[in-house]
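The primary structure of each chain is shown beneath.
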Amino acid sequence: MANWVQARAGVASGPQQLPADRFASANRRRLSAPAFRTFLSIADLWGLTEEERRLVLGYPSRSTFQGWAKRAREHEDFTLDVDTLTRLSALLGIHQALGVLYAAPKEMVAWLRGPNTAIVFGGNPPLRVITSGTLDALMTVRRFLDAARGGIYMQPNEVDDAFAPYEASDIVFR
């Protein structure tokens, strides 16, 4: 009965699977070089060391990392594995969310490198979590920033400290 109700309401019965061709070699090849070039630009902006860059990517060997970087900079085709592309996607999402939350790259980097009292960071800079080497850590920071971007949570800042609550007289209906 429940499946019939779900089908009638247009609700899938169970978790939806991604189409298998999403991970096809041709799609990964199409995305790899541009994603990696973008990653290198973000890593430069954030001031990541080569070691930190490799940790974000799942710690490929130094020669593998340098080969990817060389091919990406020379606009050559290459194919990254699904895990590496997923990590790049998470990092791009982090960067995008920071761009929404902060007006200037300098502010983005300051947030990444400064201590953070949010529970998920435990007083550590978010960049320490990002460069811990795990996909889960990348996704944790991405979800935190997506929530902040959506207004669910973000630490108060100077603007919030000076905020005076609205009074009933401040609300005007026309």
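Here, the structure is the one placed above.
S.K.: If you had to explain the overall build of the protein chain to someone new, which residues and values would you point to?
M.R.: A count of helices and strands for the protein chain gives nine helices and zero strands. Put simply, the protein chain runs from its N terminus to its C terminus through helices and strands in the order α-α-α-α-α-α-α-α-α. By the burial criterion, 33% of the 174 residues in the protein chain qualify as buried. Within the protein chain, contacts between residues separated by at least 24 positions form 61% of all contacts whose residues are at least 6 apart in sequence.

S.K.: Before we move on, can you summarise the pattern of salt bridges with the specific residues and values?
M.R.: If you walk through the whole model with that rule in mind, you get eight salt bridges. Between aspartate 77 and arginine 29 there is a salt bridge, with its nearest N and O atoms 3.9 Å apart. You can see aspartate 77 sitting in the loop between α4 (62-73) and α5 (82-101) and its partner arginine 29 sitting in helix α2 (residues 25-46), a full 48 residues away along the chain. What makes aspartate 77 exposed here is its relative accessible area of 52%. Given a relative accessible area of 39%, arginine 29 falls into the partly exposed group. With a closest N to O distance of 2.6 Å, aspartate 44 and arginine 53 form a salt bridge. Where salt bridges share partners, they join Arg142, Asp146 and Arg149 into one cluster.

S.K.: Quick rundown of unusual backbone geometry? Include the residues and the values.
M.R.: Among all residues except glycine, the phi angle is most often negative; among peptide bonds, the trans geometry is most common. For tyrosine 59, which is not glycine, the phi dihedral falls at a positive 60°. With respect to the secondary-structure elements, tyrosine 59 resides in the loop between α3 (50-56) and α4. Its relative accessible area of 40% is what places tyrosine 59 among the partly exposed residues. The residue histidine 75 is not glycine, and still its phi comes out positive at about 55°. Assignment of secondary structure puts histidine 75 in the loop between α4 and α5. Residue class for histidine 75 comes out exposed when judged on its relative accessible area of 58%.

S.K.: Go over a nonpolar patch on the surface, please, and point to the residues and values.
M.R.: Together, Leu18, Phe23 and Val82 give the surface a local cluster of nonpolar side chains, amounting to about 240 Å² of exposed area. For leucine 18, the location among the structural elements is in the loop between α1 (2-8) and α2. Taking relative accessible area as the criterion, leucine 18 reaches 49% and is therefore assigned partly exposed.

What counts as what
- Residues numbered from 1 in each chain as written.
- Predicted model: local features only at pLDDT ≥ 70, side-chain atom pairs only at ≥ 80, totals over all residues.
- Heavy atoms only, no water.
- Helix = DSSP H or I, 4+ residues; strand = E, 2+ residues; numbered from the N terminus.
- Buried < 20%, exposed > 50% of the residue type's maximum accessible area, 1.4 Å probe, protein only.
- Contact = heavy atoms within 4.5 Å.
- Salt bridge = Lys/Arg side-chain N within 4 Å of Asp/Glu carboxyl O.
- Patch = residues over 30% accessible without salt bridge, like charges linked within 9 Å, V, L, I, M, F, W, Y side chains within 5 Å.
- Areas by Shrake-Rupley, 256 points an atom, 1.4 Å probe, with all protein chains shown as cover.

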